[in-house]
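Survey of secondary and tertiary structure
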Number of protein chains: 2
Amino acid sequence: MKSTNIIYHNASVTRKRRNQSNKHKSAVIWFTGLSGSGKSTLAHSLEEILFNKGCKTFVLDGDNVRHGLSSNLNYSNKDRKENIRRIGEVTRLMMEAGLIVMTAFISPFREDRIAVRNLIPDGDFIEIYCKASLETCEARDLKGFYKRARAGEIKNYTGIDSPYEMPVNPELIIDTEKETLDESVSKIVSFLQKKAIIR
Amino acid sequence: MKSTNIIYHNASVTRKRRNQSNKHKSAVIWFTGLSGSGKSTLAHSLEEILFNKGCKTFVLDGDNVRHGLSSNLNYSNKDRKENIRRIGEVTRLMMEAGLIVMTAFISPFREDRIAVRNLIPDGDFIEIYCKASLETCEARDLKGFYKRARAGEIKNYTGIDSPYEMPVNPELIIDTEKETLDESVSKIVSFLQKKAIIR
């Protein structure tokens, strides 16, 4: 700009204005649970419902993060921590951008999930524990990874040779052994309405 | 979900459906240029215009990335490369989410910008070179960083002791020494209309 026009232009489009324009609040919905506990299925099913209500949404999951943003990380405890940290920072940005962001990652360590929670304003981080026993998840074994972990072909697999730490006070618990998918999704939608995130 | 309901639910809400719902195409608008060349000012001014047209937008800049997603990176060439890589991956995700994402980073290395361009489908990556001489940028010195770099207090400062590689074929060149801010923003809006990204 010409010298007369050199004014540092701050961000004028705020989260508040985006939320007003979108007619819903932005938020982070964090699904956590064992591999096979239904995180991805729930997130994508919820997204379909929210999209049809006119909400602006996005799902972060292994498919779009592990080959991209976190492609230079492995599954050591240190790298898992950094993976969740990066995802947390991206959810924060997407929430600022006005989206209802859903994440579907095992995110096994309590400390790492708490660190993400602390990035997000109070009430805007919704932790959903997808509850299913290791037995059930292992029986489902959608990707065949449990079998390979039991055979020692995959190391540091959560539930087998790496721990999963259950949330202490999640906003919601979804029991994917007992509920149908429709029941689970309805429960989350009701929660979002009760919290005035969506109408 | 009950065992009868175990169906892997793929992402059904696609970029295409989001773009239809938002009534504009999503895209990545990548501003590059020296510190003080007007990247942030242009990005935020453009965002204000696009937001008022009803577009879904976001600006990534030093303020929201360097203290968060890239807080564990410094200004070495290696870390600058990783910083731009991460930002590139985030723009890709946000573009998938339906946003017109604008970035305001010096992003001095051609190779790193090309790597981001290669992540994004053809035509959806719009590189805008903010053209201003080092002399002009140094005279502006909005943050006092050039002075400190000249005094040796800041190392690896682009233009002083670290190179800036101009884009070879940017989609647009904005001469921020000669144009007013309004002229520059109008030029970008026209470009986006011509490319049918916005109406």
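I will try to describe carefully the structure that is included in this document.

All names here are of chain B. Read across the sheet, five strands follow the order 2-3-1-4-5 without closing on themselves; strand pairing throughout is parallel. Sheet topology places strand 2 (57-61) and strand 5 (172-175) at the edges, where each strand pairs with a single neighbour. Averaged over neighbouring strand pairs, the angle between their axes works out to 20 degrees when direction is ignored. Sitting on the sheet, helix 8 (residues 181-194) is in contact with strand 4 (125-131) and strand 5, with an inclination near 170 degrees to strand 5.

On to the pairing of strand 2 of chain B, then. Looking along a regular strand, one sees the side chains alternate between the two faces of the sheet. All names here are of chain B. Within strand 2, four of the five residues are buried, which leaves the element mostly enclosed by the surrounding structure. Note that strand 2 and strand 3 (residues 100-104) share five bridges and pair parallel. Residue pairing across strands places Thr-57 opposite Ile-100, the latter belonging to strand 3.

A few words on the sheet that holds strand 3 (residues 100-104) of chain A. One key point about sheets: their strands pair by backbone hydrogen bonds, in either a parallel or an antiparallel sense. All names here are of chain A. Strand order in the open sheet formed by five strands is 2-3-1-4-5, with parallel pairing between adjacent strands. Taken across any chain shown, the strands that pair with only one partner, and hence form the sheet edges, are strand 2 (57-61) and strand 5 (172-175). When the angles between neighbouring strand axes are averaged without regard to direction, this sheet yields 20 degrees. Sitting on the sheet, helix 4 (residues 77-96) is in contact with strand 1 (27-32), strand 2 and strand 3, with an inclination near 160 degrees to strand 3.

Okay, the interface of chain B and chain A next. Between chain B and chain A, the contact holds 40 residues from the first and 41 residues from the second. Sorting the residues of the side of chain B that touches chain A by element identifies helix 2 (39-52), strand 2, helix 4 (77-96) and helix 8 of chain B as the ones contributing at least two each. The leading source of residues in the side of chain B that touches chain A is helix 2 of chain B, at seven residues. Taken together, the residues of the side of chain B that touches chain A break down into 16 nonpolar, 16 polar and eight charged.

The next subject is the relation of the copies chain B and chain A. Taken as rigid bodies, chain B and chain A are interconverted by a rotation of 180 degrees and an axial shift of 0.0 Å, the fit giving an RMSD of 0.0 Å. Expressed as an axis order, the relation between the two copies is that of a two-fold axis. Most of the interface of chain B is mirrored in chain A, where 100% of its interface residues are also at the interface.

Residue and element names in this part refer to chain A. Between the first and last C-alpha of helix 2 (residues 39-52) there are 20 Å, a value that for 14 residues agrees with the 20 Å anticipated at 1.5 Å per step. Considered for burial, the residues of helix 2 that qualify are Lys-39, Ser-40, Thr-41, Leu-42, Ala-43, Ser-45, Leu-46, Glu-47 and Leu-50. On its buried face, helix 2 is in contact with strand 1, strand 2, strand 3, strand 4 (125-131), strand 5 and helix 8 (181-194). Downstream of helix 2 by a residue or two, Gly-54 has a phi angle that is positive, lying close to 90 degrees.

All names here are of chain A. Between helix 4 and helix 5 (residues 110-119), whose axes approach to 9 Å, the crossing angle comes to 20 degrees. With respect to their mutual orientation, helix 4 and helix 5 come out roughly parallel. As helix 4 packs across helix 5, the resulting crossing turns out to be right-handed. Between helix 4, through Lys-81, Ile-84, Arg-85, Gly-88 and Arg-92, and helix 5, the contact on the second element is made entirely by Asp-112, Ala-115, Val-116 and Leu-119.

On to the packing of helix 2 of chain B against helix 8 of chain B, then. Residues and elements named next belong to chain B. Running from N to C, helix 2 and helix 8 point in directions that differ by 60 degrees, and their axes come no closer than 10 Å. In terms of crossing hand, the pair formed by helix 2 and helix 8 is right-handed. Together, Thr-41, Leu-42, Ser-45, Leu-46 and Ile-49 of helix 2 and Leu-181, Ser-184, Val-185, Ile-188 and Val-189 of helix 8 make up the contact between the two elements. In terms of residue class, the contact of helix 2 with helix 8 is built from seven nonpolar, three polar and no charged.

So, how was this worked out
- Residues numbered from 1 in each chain as written.
- Chains lettered and ligands numbered in written order.
- Predicted model: local features only at pLDDT ≥ 70, side-chain atom pairs only at ≥ 80, totals over all residues.
- Pairing = 2+ DSSP bridges.
- Helix = DSSP H or I, 4+ residues; strand = E, 2+ residues; numbered from the N terminus.
- Axes fitted to C-alpha atoms, helices over the stretch in contact; angles between N-to-C directions.
- Contact = placed C-beta atoms within 7 Å.
- Buried ≥ 20, exposed ≤ 12 C-beta atoms within 10 Å, placed from the backbone.
- Nonpolar A, V, L, I, M, F, W, Y, C, P; charged D, E, K, R; others polar.
- Least-squares fit on C-alpha atoms with pLDDT ≥ 70 in both.
- Expected span 1.5 Å × (residues − 1).
- Parallel < 35°, antiparallel > 145°, perpendicular 65-115°, else oblique.
- Left-handed = near helix turned anticlockwise from the far one by under 90°.

So yeah, pure geometry; function would need other evidence.
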